[in-house]
Amino acid sequence: QVHLVESGGGLVQPGESLTLSCTASGSDFNIYYKFYTMNWYRQAPGKQRELVASTIFGTSPNYLDSVKGRFTISRDRAKNTVYLQMNSLNPEDSAVYYCNAVNRRTDHDYWGQGTQVTVSS
């Protein structure tokens, strides 16, 4: 079992930045760290959940086209934490952001509880 805890959401003005954190715990995650794909999704009211950024250990991350150049996903092995640095935020980025971990060996996936990001003047 893997437990994910997100933090860092909030209310910001357009053009500002936020960094989201997702800390993972669980023996499976510690043992098979390199096999976990770490993803950030978001879901705005009335819209489908969409994949924002994804990182696989040892490879280049992938991003949703609309966030390329503004968002950066990174992971800290020592802290079992994945980050989403979000710059130049705009109102269209407002959503609940979810951390997701997928074990590529078993296809088991895990979700965090979500953190609200609101971009408004």
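Conventions and cut-offs
Residues numbered from 1 in each chain as written. Predicted model: local features only at pLDDT ≥ 70, side-chain atom pairs only at ≥ 80, totals over all residues. Heavy atoms only, no water. Helix = DSSP H or I, 4+ residues; strand = E, 2+ residues; numbered from the N terminus. Rg over C-alpha atoms; globule rule 2.2 N^0.38 Å. Contact = heavy atoms within 4.5 Å. Areas by Shrake-Rupley, 256 points an atom, 1.4 Å probe, with all protein chains shown as cover. Disulfide = S-S within 2.5 Å. Buried < 20%, exposed > 50% of the residue type's maximum accessible area, 1.4 Å probe, protein only. Pairing = 2+ DSSP bridges. Axes fitted to C-alpha atoms, helices over the stretch in contact; angles between N-to-C directions.

S.K.: Help me out: how do you make sense of the overall build of the protein in this one?
M.R.: When helices and strands are counted, the protein shows one helix and 11 strands. Relative to its length of 121 residues, the protein is compact, with a C-alpha radius of gyration of 14 Å against a globular reference of 14 Å. Over its C-alpha atoms, taken along the principal directions, the protein stretches across nearly 45 × 25 × 25 Å. Relative to all contacts within the protein whose residues are 6 or more apart in sequence, the contacts with residues 24 or more apart total 56%. Accessible surface computed for the protein: about 6,300 Å², of which carbon and sulfur atoms make up 49%.

S.K.: What is the right way to look at the state of the cysteines in this model?
M.R.: Cysteine pairs can be linked by a disulfide, which is a covalent bond between their two sulfur atoms. Scanning all chains against the criterion turns up one disulfide. The side chain of Cys 22 participates in a disulfide bridge whose partner is Cys 99; the two sulfur atoms lie 2.1 Å from each other. Where Cys 22 bonds to Cys 99 through sulfur, the torsion about that S-S bond is close to -80°, and the disulfide is left-handed. Here Cys 99 lies in strand β9 (residues 95-103) and Cys 22 lies in strand β3 (residues 18-25), a separation of 77 residues in the sequence. For the residue pair Cys 22 and Cys 99, the accessibility class agrees, reading buried in each case.

S.K.: Could you clarify how one ought to interpret the pairing of strand β4 (residues 36-43) in this entry?
M.R.: Regular strands place side chains that alternate from one sheet face to the opposite one. For β4, the tally of buried residues reaches seven of eight residues, placing the bulk of the element in the interior. Relative to strand β5 (residues 50-56), β4 is paired through six bridges, and the arrangement is antiparallel. Considered in β5, the bridge of Asn 39 is made with Ser 54.

S.K.: Hey, could you run me through unusual backbone geometry in this one?
M.R.: Trans peptide bonds make up most of the peptide bonds, and negative phi angles are found at most residues other than glycine. Even without being a glycine, Ser 88 presents a positive backbone phi close to 50°. Residue placement: Ser 88 occurs in the loop between β8 (81-86) and β9. A positive phi angle, near 65°, is found at Asp 107, a position not held by glycine. The residue Asp 107 is located in the loop between β9 and β10 (109-111) in this model. Looking at Asp 107, the relative accessible area reads 61%, which means it is exposed.

S.K.: Looking at this model, I keep getting lost on the sheet that holds β8. Mind explaining?
M.R.: Within a sheet, each strand pairs with its neighbour through backbone hydrogen bonds, oriented either parallel or antiparallel. Pairing is antiparallel in the open sheet, where four strands are placed in the order β1-β3-β8-β7. This sheet does not close on itself; its edge strands, each paired only once, are β1 (3-7) and β7 (71-76). Recorded for the sheet is a direction-independent mean angle of 15° between the axes of neighbouring strands. Looking at chain direction, β1 and β3 are connected through five bridges and run antiparallel. Within β3, the residue paired with Glu 6 across the bridge is Cys 22.

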